[in-house]
Amino acid sequence: MDKAQKKEMAAEWKERHPEIGVAAVKCLATGEEFYQTTRDTATWFNRHCFELNSNHHRNKQLQELWNQYGEKGFELSVVSDLKYEELDEVSSDDLKELLGLCLMENPAAKKL
């Protein structure tokens, strides 16, 4: 890969528009849900699946459920997303507020 290609790929990366919001992991057998904010849902899902599959997730309760029911026993979804024009418009306070609203709508859900 030459310098021009690298520069073009870097520019494309900066211009991308990732989905930002609250993501969830739901155990289908128990109905338990775990919510967390994310600035990129696609990478969030990849990271959490990797951690859970390698038995190194920081949330021990979720890890125990994952070990018991396996990956097919879970549903990963976006609970709510933020609409934005520019990535730097979204503050951590915006995400905290969105998470709070999602948790109020589903008080049984747990914060990851």
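## Focus on the overall build of the protein chain
Summing up its helical and strand segments, the protein chain has four helices and four strands in all. The principal-axis extent of the C-alpha atoms belonging to the protein chain is close to 50 × 35 × 20 Å. Among the 112 residues that make up the protein chain, the fraction classed as buried is 34%. Surface summary for the protein chain: the accessible area is close to 7,500 Å², and the carbon and sulfur share equals 51%. Placing the 15 positive and 21 negative side-chain charges of the protein chain at their respective mean positions leaves the two points 7 Å apart.

## Concerning the pattern of salt bridges
According to the stated counting rule, one finds four salt bridges in the structure shown. Taking the shortest distance from any N to any O, the salt bridge between Glu32 and Lys110 comes out at 3.2 Å. Pair noted here: Glu32 is in the loop between β1 (20–27) and β2 (33–38) and Lys110 is in strand β4 (residues 110–111), with a separation of 78 residues, a long-range link. Judged by relative accessible area, Glu32 falls into the buried class, the value being 18%. Arg47 is the salt-bridge partner of Glu51, the closest N and O atoms lying 3.6 Å from each other. Placement of the pair is Glu51 and Arg47 together in helix α2 (residues 41–53), with a separation of four residues, close to one helical turn. Using a relative accessible area of 35% as the deciding quantity, one classes Arg47 as partly exposed. Among the charged side chains, a network of salt bridges with common partners joins Arg47, Glu51 and Arg58.

## Looking at unusual backbone geometry
The residue Asn55 is not glycine, and still its phi comes out positive at about 60 degrees. Positionally, Asn55 belongs in the loop between α2 and α3 (60–69).

## A short note on the pairing of β2
Within β2, five of the six residues are buried, which leaves the element mostly enclosed by the surrounding structure. In this structure, the hairpin formed by β1 and β2 is closed by a connection of five residues, where Gly31 is found at a positive phi of approximately 80 degrees. Here β2 pairs with β4 via two bridges, running parallel. Within the sheet, the bridge partner assigned to Phe34 lies in β4 and is Lys110.

## Describing the state of the cysteines
As used here, a disulfide is simply a covalent bond connecting the sulfur atoms of two cysteines. Tallied over the full model, the rule gives zero disulfides. Unpaired in terms of disulfides, Cys27 finds its nearest cysteine sulfur in Cys49, a separation of 14 Å.

## Some details on the sheet that holds strand β3 (residues 74–82)
Across the sheet, which stays open at both edges, the four strands sit in the order β3-β1-β2-β4 with mixed pairing between neighbours. The open sheet is flanked by β3 and β4, the only strands paired with a single partner. Strand contacts of α3: β1, β2, β3 and β4, with the helix running at about 140 degrees to β3, the strand carrying the most contacts.

## Some details on the side chain of His57
Tracing the sequence through the fold places His57 in the loop between α2 and α3. On the basis of relative accessibility, which here comes to 1%, the residue His57 falls in the buried class. Among the polar contacts made by the side chain of His57, one reaches the side chain of His48 at a distance of 2.7 Å. In contact with His57, other than residues within four places in its own chain, are His48, Glu51, Leu52, Leu62, Gln63 and Leu112.

What counts as what
Residues take numbers from 1 onward in each chain, read along the sequence in its written order. This being a predicted model, a pLDDT of at least 70 is required before a residue's local features are given, and a value of 80 or more before pairs of side-chain atoms are given or counted; all residues contribute to the totals for chains, interfaces and linings. Side-chain descriptors were evaluated using all non-hydrogen atoms of the structure, hydrogens and water having been removed beforehand. To qualify as a helix, a DSSP run of H or I must reach at least 4 residues; to qualify as a strand, a run of E must reach at least 2; elements of each kind are numbered from the N terminus. Per-residue accessibility, obtained with a 1.4 Å probe over protein chains only, is compared with the maximum for each type, and a residue is labelled buried under 20%, exposed over 50%, and partly exposed between these values. What sets the accessible areas is the Shrake-Rupley method with a 1.4 Å probe; for residues, cover comes only from the shown protein chains. Neither His nor the chain ends is counted toward charge; the positive residues are Lys and Arg and the negative residues Asp and Glu. Working definition for charges: the position is that of NZ of Lys, CZ of Arg, CG of Asp or CD of Glu. Within this document, salt bridges are pairs made up of a side-chain nitrogen of Lys or Arg and a carboxyl oxygen of Asp or Glu, the two lying within 4 Å of each other. At least two DSSP bridges between two strands are required for those strands to pair. The disulfide definition used here is simple: a pair of cysteine sulfur atoms within 2.5 Å. Here a residue-residue contact requires only that any non-hydrogen atoms of the pair lie within 4.5 Å. Axis lines are fitted through C-alpha atoms, for helices just across the contact stretch, and the angle between N-to-C directions can take any value from 0 to 180 degrees. We call two N or O atoms a polar contact when they sit within 3.5 Å, provided that within protein one can donate a hydrogen and the other can accept it, with sequence-adjacent residues counted only if both atoms are side-chain atoms.

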